[in-house]
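Close look at the chain arrangement
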Amino acid sequence: MSQVPVAVTGATGQIGGRVAQRLAAAGVPLRLLVRDPSRAPRLPGAAAVVAPYGDGDAVRRALEGVGTVFMVSASESADRVDQHRTFVDAAAAAGVGHLVYLSFQGAAPDATFTLARDHWATEEHVRARGLVHTFLRDALYADFLPGLVGEDGVIRGPAGEGRVAAVAQDDVADAAVAVLRDPAAHAGRTHELTGPQALTLAEVAATITAVTGRPVRYHPETVEEAFASRASYGAPDWQVEAWVSTYTAVAAGEMARVSTAVENLTGRPATSFEQVLRTAA
């Protein structure tokens, strides 16, 4: 096996952490780009390097000698696209051979979900810099859906009867590892990672009730109600718009498409939402 390290960002998070653990278990040498080295996982063959997305010089130094980099999107912020562009520029300057970027389903300049526009802008910058790349556009995380339930057992949002093909985080990690272990086979390709079925939020609520025994229901808000109900959080306008547009994107059908990419990449069927719930129980 090549001793050229694979760089992984977001190793302290849900996806980056899973990917780093899987690669380390397979004997792949790793360079973990982190903001806080004390939080980096201790893995065999892995070296943690401080390289925040917005620090181009630190990122360039961290990526020198790296063959492939797995780029998880930065934390949500008003300047996230600028941070991504800085990171991509640094990767190009470091001579990275292949960049695998974790994007989002339906990434487009006019996507209803505002953050999907950020992912599109990042993809476009990767293309513009001429980097050999693979884009993994994952659906909304199935693991995240129970968190939509309020303390009163109600999921509220303007999703109407739209459907979401939510994907398990473990499936995303397994698919990413398959690409990272053979990046040349996926050069220039975009894989859309989804679950095996698309559910309405009413069906999500019913599934949570069936598996956990906790009564959960879905209440379809209007867009106006959604903004009003989230105003009390004191979040900046861009973040509130992102929260609400998650639901309106579902209503618009932009998160409903089901793909076979997880099975194609991993060799096993994608995990259902019910299975995610039972595993977490």
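Here is what the cut-offs are and how they apply
- Residues numbered from 1 in each chain as written.
- Predicted model: local features only at pLDDT ≥ 70, side-chain atom pairs only at ≥ 80, totals over all residues.
- Heavy atoms only, no water.
- Helix = DSSP H or I, 4+ residues; strand = E, 2+ residues; numbered from the N terminus.
- Rg over C-alpha atoms; globule rule 2.2 N^0.38 Å.
- Buried < 20%, exposed > 50% of the residue type's maximum accessible area, 1.4 Å probe, protein only.
- Contact = heavy atoms within 4.5 Å.
- Salt bridge = Lys/Arg side-chain N within 4 Å of Asp/Glu carboxyl O.
- Phe/Tyr/Trp six-rings, centres within 6.5 Å; stacked < 30°, edge-to-face > 60°.
- UniProt positions renumbered as here; feature names shortened; annotations may be inferred.
- Arc of directions from axis to C-beta.
- Pairing = 2+ DSSP bridges.
- Axes fitted to C-alpha atoms, helices over the stretch in contact; angles between N-to-C directions.

Comments concerning the overall build of the protein
Helices and strands together make up the secondary structure of the protein, namely 10 helices and 11 strands. Over its C-alpha atoms the protein spans a radius of gyration of 19 Å, differing by no more than 12% from the 19 Å that the globule rule assigns to 281 residues. Counting all 281 residues of the protein, 51% fall into the buried class. When contacts within the protein are restricted to residue pairs at least 6 apart in sequence, those whose partners lie at least 24 apart make up 73%.

Considerations on the pattern of salt bridges
Counted under the stated rule, the structure contains 16 salt bridges. A salt bridge links E123 to R137; its shortest N-O distance comes to 2.7 Å. Of this pair, E123 sits in helix α4 (residues 114–128) while R137 sits in strand β6 (residues 133–138), and the two are 14 residues apart along the sequence. The exposure class assigned to E123 is buried, which follows from its relative accessible area of 0%. Owing to a relative accessible area of 14%, R137 belongs among the buried residues under this scheme. Two residues, D171 and R268, come together in a salt bridge whose shortest N-O distance is 2.7 Å. Of this pair, D171 sits in helix α5 (residues 169–181) while R268 sits in the loop between α9 (261–266) and α10 (273–280), and the two are 97 residues apart along the sequence. Residue D171 is classed as buried on the basis of its relative accessible area, which comes to 0%. Taking the relative accessible area as the measure of exposure, R268 reaches 26% and is therefore partly exposed. Each of R18, R22, D170, D171, D174 and R268 takes part in a single network of salt bridges with overlapping partners.

Description of the environment of T12
With respect to the helices and strands, T12 occurs in the loop between β1 (6–9) and α1 (14–25). Those residues within four positions of T12 in sequence are excluded, and the remaining contacts are V34, R39 and A40.

Structural notes on the packing of aromatic side chains
For the structure on display, the rule yields 4 aromatic pairs. An angle of 80° between the planes, with centres 5.7 Å apart, marks the rings of Y233 and W243 as edge-to-face. With a gap of 10 residues between them, Y233 in the loop between α7 (223–230) and α8 (237–251) and W243 in helix α8 connect regions that are remote in the sequence.

Topic: the UniProt feature "domain: NmrA-like" (unreviewed entry) in the protein
Under the present numbering, the feature "domain: NmrA-like" (unreviewed entry) in UniProt falls on residues 6–227. Structurally, residues 6–227 comprises 36% helix and 22% strand, and the distance from its first C-alpha atom to its last is 42 Å.

Remarks on helix α2 (residues 56–63)
Those residues of α2 that fall on the buried side of the exposure criterion are A58, V59, A62 and L63. Along the long axis of α2, the arc covered by the buried residues comes to 125°, so they all point the same way. In this structure, the buried side of α2 is in contact with β1, β2 (30–34), β3 (46–50), β4 (68–72) and α3 (80–94). Phi for G65, located one or two positions after α2, is positive at around 85°.

Points about the sheet that holds β2
Ordered in space as β3-β2-β1-β4-β5-β6-β9, the 7 strands form an open sheet in which the pairing is parallel. Looking at the sheet topology across the chains shown, the edges are occupied by β3 and β9 (190–193). Across the sheet, the mean angle separating the axes of adjacent strands is 20° when strand polarity is ignored. In the sheet, β2 pairs with β3 via 5 bridges, with the strands oriented parallel. By the bridge assignment, L33 is partnered in β3 with V49. Set on the sheet, α2 makes contact with β1, β2, β3 and β4; between it and β2 the angle comes to about 170°.

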